[in-house]
Amino acid sequence: MLRTIEIPNRPDLAPIADPSQVSGFQSPADDYKEDRLNIMEKLVRDPLNTYFFESDSDAMEAFDIRKGTILVVDRTLTAKGGNIVIAWIDGNWLGRQLRDIKGTRDLITGARGETPIAITGEDGVMIWGVVTWSCSPQIEKNVCVSRLQ
């Protein structure tokens, strides 16, 4: 259901460190200048233990996770009931919601009539990490025409 993705560094999108070196004089607007938004600072709490996955199905549609959604996964967090988690089940990565009811833990997609995947400890299900953010595309990839492409 999931595949890992690599995010390449784009130095051409980084802000100019000192714009006055380019123009020869300091801009009066420098007092109001804000740093460029660093999405990694917003989404990643622990860079060494954070991983990115891309959903390759609509199985978690009940939680607004559709095909193409980027999931930010933190391995240092302890999974609690209600968290969306990445689990390793029978040789596959799966994104599911962890449900914890009266000491019984299972994994669900939120679809009606589904059979939950029980977590008993002997079944080989491993909770690998907790999803902290999901980033969903708002338009299809082939529709977007940008100056940066």
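The numbers attached to residues start from 1 for each chain and follow its sequence in the written order. Two thresholds apply to this predicted model, a pLDDT of at least 70 for residue-level local features and 80 or more for giving and counting side-chain atom pairs, whereas whole-chain, interface and lining totals are computed over all residues. Water and hydrogen atoms were dropped before computing side-chain values, which therefore reflect all heavy atoms in the structure.

1. Quick word on the pattern of salt bridges
Defined as follows: The term salt bridge refers to a side-chain nitrogen of Lys or Arg lying within 4 Å of a carboxyl oxygen of Asp or Glu. Note on classification: 1.4 Å probe, protein chains only; a residue is buried when its accessible area is under 20% of the maximum for its type, exposed when over 50%, partly exposed between these limits.
Scanning the model with the defined rule gives four salt bridges in all. For the salt bridge of R66 with D64, the shortest nitrogen-to-oxygen distance reads 3.6 Å. Overall, R66 belongs to the partly exposed group, its relative accessible area being 36%. D64 gets classed as partly exposed once you look at its relative accessible area, which sits at 48%. Across the pair D106 and R99 runs a salt bridge, and its minimum N-O distance is 2.9 Å. The class of D106 is buried, set by a relative accessible area of 10%. Within the structure, one salt-bridge network assembled from shared partners comprises E61, D64 and R66.

2. A look at the pairing of strand 6 (residues 104-108)
Counted only if it meets this: DSSP-based pairing: two strands are paired if at least 2 bridges between them are found. Secondary structure elements are defined from DSSP: runs of H or I of at least 4 residues count as helices, runs of E of at least 2 residues count as strands, and each element is numbered from the N terminus.
In the sheet, strand 5 (residues 92-101) pairs with strand 6 via five bridges, with the strands oriented antiparallel. Paired with R99 across the two strands is D106, which belongs to strand 6. Where strand 5 folds back on strand 6, the antiparallel hairpin that results is connected by two residues, among which K102 adopts a positive phi of roughly 50 degrees.

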